[in-house]
Amino acid sequence: MIGLIWRSVDHPGKLIFSPDLSLSREEGSCVQGFVEIFDMLIAATSRVRELKLQREEYICLKAMILLNSNMCLSSSEGGEELQSRSKLLCLLDTVTDALVWAIAKSGLTFRQQYTRLAHLLMLLSH
């Protein structure tokens, strides 16, 4: 979904699924239940547009989503699974550091950087 949002950011009111498939709300309304999903995606796209998400930030957020997708492990983890989880957390920390660096190079004040980081991380909940 983050890729869909990224592709759609320069096309207000449309979702760009691929170079040859874009949908407006009206075009998607023929699919039952799609309008609600469409509206949520358009709202997230609008927020990304407002934040003027930079490519480096997008890449970091996308990596964070992918790395975080398998973080919920069962309570019956063995030693190998715990080691794998530890490595995954280390990689996630590295990506988070990269996001902080990308924000820092933007020239914002220290307080603005932390505010931006919070806003970008809140995007992930959508």
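Everything numeric here is computed off the predicted structure, so don't read it as measured data.

Conventions adopted
Residues numbered from 1 in each chain as written. Predicted model: local features only at pLDDT ≥ 70, side-chain atom pairs only at ≥ 80, totals over all residues. Heavy atoms only, no water. Helix = DSSP H or I, 4+ residues; strand = E, 2+ residues; numbered from the N terminus. Contact = heavy atoms within 4.5 Å. Patch = residues over 30% accessible without salt bridge, like charges linked within 9 Å, V, L, I, M, F, W, Y side chains within 5 Å. Areas by Shrake-Rupley, 256 points an atom, 1.4 Å probe, with all protein chains shown as cover. Salt bridge = Lys/Arg side-chain N within 4 Å of Asp/Glu carboxyl O. Buried < 20%, exposed > 50% of the residue type's maximum accessible area, 1.4 Å probe, protein only. Domains from an automatic or database assignment. Buried area = accessible area lost by both parts, 1.4 Å probe. Polar contact = N/O pair within 3.5 Å; in protein donor to acceptor, adjacent residues only side chain to side chain. Nonpolar A, V, L, I, M, F, W, Y, C, P; charged D, E, K, R; others polar.

### Concerning unusual backbone geometry
So, point 1. Backbone geometry at K52 places phi at a positive 50 degrees, although glycine is not the residue there.
So, point 2. Relative to the helices and strands, K52 is located in the loop between α3 (34-51) and α4 (55-68).

### A few points about the side chain of S24
So, point 1. Structurally, S24 can be placed in strand β2 (residues 21-24).
So, point 2. Not counting chain neighbours up to four residues away, the residues in contact with S24 comprise G13, K14 and F38.

### A closer look at a nonpolar patch on the surface
So, point 1. Residues I65, L121 and L124 make up a contiguous nonpolar surface patch of roughly 200 Å² in combined accessible area.
So, point 2. Topologically, L121 is positioned in helix α6 (residues 110-123).
So, point 3. Exposure remark for L121: the relative accessible area of 32% places this residue in the partly exposed category.

### Structural notes on the domain arrangement of the protein
So, point 1. Structurally, the protein comprises domain 1 (1-51) and domain 2 (55-123).
So, point 2. Put simply, the middle of domain 1 and the middle of domain 2, counted by C-alpha atoms, are 25 Å apart.
So, point 3. Taken together, the contact between domain 1 and domain 2 spans 6 residues of the former and 8 residues of the latter.
So, point 4. Contact with domain 2 buries area across many residues of domain 1, yet I2, W6 and L51 alone supply 76% of it, more than any other trio.
So, point 5. Summed over the shared surface of domain 1 and domain 2, the number is 0 salt bridges.
So, point 6. Summed over the shared surface of domain 1 and domain 2, the number is 2 residue pairs in polar contact (both at pLDDT 80 or more).
So, point 7. Class assignment for the residues of the side of domain 1 that touches domain 2 results in 4 nonpolar, 1 polar and 1 charged.

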